[in-house]
Amino acid sequence: MKTLAALFSIALFTSLVGYALVLAGVEAHHQEPLWAIGTSVVFLVTLLIDVWMFFAIAGEEAYQWEK
């Protein structure tokens, strides 16, 4: 059950980051080098936070087999 909560939290967080990027107008500046680097950093940090959130919420349940 914790695994589903973790996946839902990750989906919500990633959606919020994506929405914030759309509001910032990233799609209009994707060919500018500074915007591309900044967006890449945001994506990388988002991925790292997603992984941390998964293991922080799911804990050891993520490694256990179904009974």
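The shown structure was predicted, so the numbers you read here are calculated from the model rather than taken from an experiment.

> Go over the nonpolar core with me, naming the residues and quoting the values.
Judged by nonpolar contacts, Ala6, Ile10, Met53, Phe54 and Ala58 together constitute the single largest core of 5 residues. Of all elements in the fold, only helix H1 (2–24) and helix H2 (33–58) reach the threshold of two or more residues within this core.

> Outline the environment of His30, listing residues and values.
Summarising the element assignment, His30 is placed in the loop between H1 and H2. Within the structure, His30 has its side chain in polar contact with the backbone oxygen of Glu27 (distance 3.1 Å).

> Give a description of the packing of aromatic side chains that names residues and reports values.
For any pair of aromatic rings, the description consists of the separation of the ring centres together with the inter-plane angle of the planes. Considering all chains together, one arrives at 1 aromatic pair under this definition. Seen in terms of ring centroids, Phe54 and Phe55 are 5.2 Å apart; in terms of plane orientation they differ by 80 degrees. Their pairing is edge-to-face.

> I'd love a proper account of the packing of H1 against H2, names of residues and values included.
Two numbers describe how H1 lies on H2: the axes approach to 9 Å, and their chain directions differ by 165 degrees. Regarding the angle of H1 to H2, the classification is roughly antiparallel. Helix-helix and strand crossings are classified by hand; for H1 and H2 the assignment is right-handed. Seen from H1, the contacting residues are Lys2, Thr3, Ala5, Ala6, Leu7, Ser9, Ile10, Phe13, Thr14, Val17, Leu21 and Ala24; seen from H2, they are Trp35, Val42, Phe43, Thr46, Ile49, Asp50, Met53, Phe54, Ile57 and Ala58. Broken down by class, the residue content of the contact of H1 with H2 amounts to 16 nonpolar, 4 polar and 2 charged.

> Talk me through the environment of Val51; I want residue IDs and the actual numbers.
Assignment of secondary structure puts Val51 in helix H2. Judged by relative accessible area, Val51 falls into the partly exposed class, the value being 41%. Taking the C-alpha atoms as reference points, Val51 and Ile10, separated by 41 residues in sequence, lie 8.4 Å from one another.

> Provide a residue-level description of the side chain of Thr46, including the pertinent values.
The residue Thr46 is located in helix H2 in this model. A polar side-chain atom of Thr46 sits 2.7 Å from the main-chain carbonyl oxygen of Val42. Residues in contact with Thr46, not counting those within four places in the same chain, are Phe13, Thr14 and Val17.

> Describe in detail a nonpolar patch on the surface, supporting the description with residues and values.
Taken together, the side chains of Leu44, Leu47, Leu48, Val51, Phe55 and Tyr63 define a hydrophobic patch exposed on the protein surface, amounting to about 620 Å² of accessible area. Accessibility expressed as a relative area gives 55% for Tyr63, which makes it exposed.

Scoring rules and cut-offs
- Residues numbered from 1 in each chain as written.
- Predicted model: local features only at pLDDT ≥ 70, side-chain atom pairs only at ≥ 80, totals over all residues.
- Heavy atoms only, no water.
- Core = buried A, V, L, I, M, F, W, Y, C linked by side-chain atoms within 4.5 Å.
- Buried < 20%, exposed > 50% of the residue type's maximum accessible area, 1.4 Å probe, protein only.
- Helix = DSSP H or I, 4+ residues; strand = E, 2+ residues; numbered from the N terminus.
- Polar contact = N/O pair within 3.5 Å; in protein donor to acceptor, adjacent residues only side chain to side chain.
- Phe/Tyr/Trp six-rings, centres within 6.5 Å; stacked < 30°, edge-to-face > 60°.
- Axes fitted to C-alpha atoms, helices over the stretch in contact; angles between N-to-C directions.
- Parallel < 35°, antiparallel > 145°, perpendicular 65-115°, else oblique.
- Left-handed = near helix turned anticlockwise from the far one by under 90°.
- Contact = heavy atoms within 4.5 Å.
- Nonpolar A, V, L, I, M, F, W, Y, C, P; charged D, E, K, R; others polar.
- Patch = residues over 30% accessible without salt bridge, like charges linked within 9 Å, V, L, I, M, F, W, Y side chains within 5 Å.
- Areas by Shrake-Rupley, 256 points an atom, 1.4 Å probe, with all protein chains shown as cover.
- Salt bridge = Lys/Arg side-chain N within 4 Å of Asp/Glu carboxyl O.

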